Amino acid sequence: MKNIALIGFMGAGKSTIAEALHQKYGMQVVEMDALIAKREGMSIPEIFAQKGEPYFRDLETALLVELQEQENTVISCGGGVPMRERNVEEMRKNGTVVWLQASAETILNRVKHSHERPLLEGKKNVEAIAGMLEGRREKYEAAADLVIRTDGKDAEQICEEIISQIGQE
Ligand code: S3P
């Protein structure tokens, strides 16, 4: 199977769906954030605080290039990956890009108790999240081959939709 790159806002369900695709279809999973954190020996908030966001974004770009060697892999991308044009170019060489959409309310519910996302600190309310979503919409749209709405669906339904839509491409 061709690689799948999952994009979408923080809390859109990328990691959950990557794991479900692994369980259901035996695809390998690469969690970009987790792999970067492991290699750097630091959490994502520590990388942002100590090295800065541009340094983190460069690591994302390098990892997307490295992953072009993979097959049958789901790449769970960090939410900010599509914001860089170069990243979109590299990601598209990796396989089908699937944008998981979720409403600001759903996102807030998923992220409200976590402190793993430095860009959301102080912004955990529907208005702020809706504003950030709007600001990113155009970039996500430009990067995506497929768009999947996730609100009110379970992981199984979302996986089936992804695989059936990829089959029709
Ligand atoms: C980010 C999303 C995060 C992580 C970092 C920045 C973003 O990943 O890469 O905190 O800019 O949207 P998740 O989308 O997996 O939370």
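The structure under discussion appears in the preceding block.
In short, a report on the structure. This one's a predicted model, so the numbers in the text were calculated from it and none came from an experiment.

Notes on the side chain of Asn3
Next, step 1: In this fold, Asn3 is placed in the segment before strand 1 (4-7).
Next, step 2: A polar side-chain atom of Asn3 sits 2.9 Å from the main-chain carbonyl oxygen of Gln70.

Focus: the site of the ligand
Next, step 1: The environment of the ligand is formed by 15 residues, the closest being Lys14, Asp33, Arg57, Arg117 and Arg136.
Next, step 2: One of the side-chain nitrogen or oxygen atoms of Asp33 is found 2.7 Å away from an oxygen atom of the ligand.
Next, step 3: Between the ligand and the protein, one listed contact pairs an oxygen atom with a side-chain N or O atom of Arg136 at 2.7 Å.
Next, step 4: Looking at the shell around the ligand, the elements with two or more residues in it are helix 3 (44-51) and helix 4 (53-66).
Next, step 5: At three residues, the largest contribution of residues to the shell around the ligand is made by helix 4.
Next, step 6: A breakdown of the residues in the shell around the ligand according to their chemical character gives six nonpolar, three polar and six charged.

Section: the packing of aromatic side chains
Next, step 1: According to the stated counting rule, one finds two aromatic pairs in the structure shown.
Next, step 2: Ring centres of Phe48 and Phe56 lie 5.1 Å apart, and the angle between their planes is 45°; this geometry places the pair in the tilted category. As far as the burial class goes, Phe48 and Phe56 line up, both buried.
Next, step 3: Judged by centre distance (5.7 Å) and plane angle (40°), the rings of Trp99 and Tyr140 are tilted. Remark: Tyr140 occurs in helix 7 (residues 126-143) and Trp99 occurs in strand 4 (residues 96-101); sequence separation between them is 41 residues. An identical accessibility class is assigned to Trp99 and Tyr140; each is buried.

Cut-off values and rules
Residues numbered from 1 in each chain as written. Predicted model: local features only at pLDDT ≥ 70, side-chain atom pairs only at ≥ 80, totals over all residues. Heavy atoms only, no water. Helix = DSSP H or I, 4+ residues; strand = E, 2+ residues; numbered from the N terminus. Polar contact = N/O pair within 3.5 Å; in protein donor to acceptor, adjacent residues only side chain to side chain. Near = heavy atom within 4 Å. Nonpolar A, V, L, I, M, F, W, Y, C, P; charged D, E, K, R; others polar. Phe/Tyr/Trp six-rings, centres within 6.5 Å; stacked < 30°, edge-to-face > 60°. Buried < 20%, exposed > 50% of the residue type's maximum accessible area, 1.4 Å probe, protein only.

Purely geometric numbers; function is a separate question.
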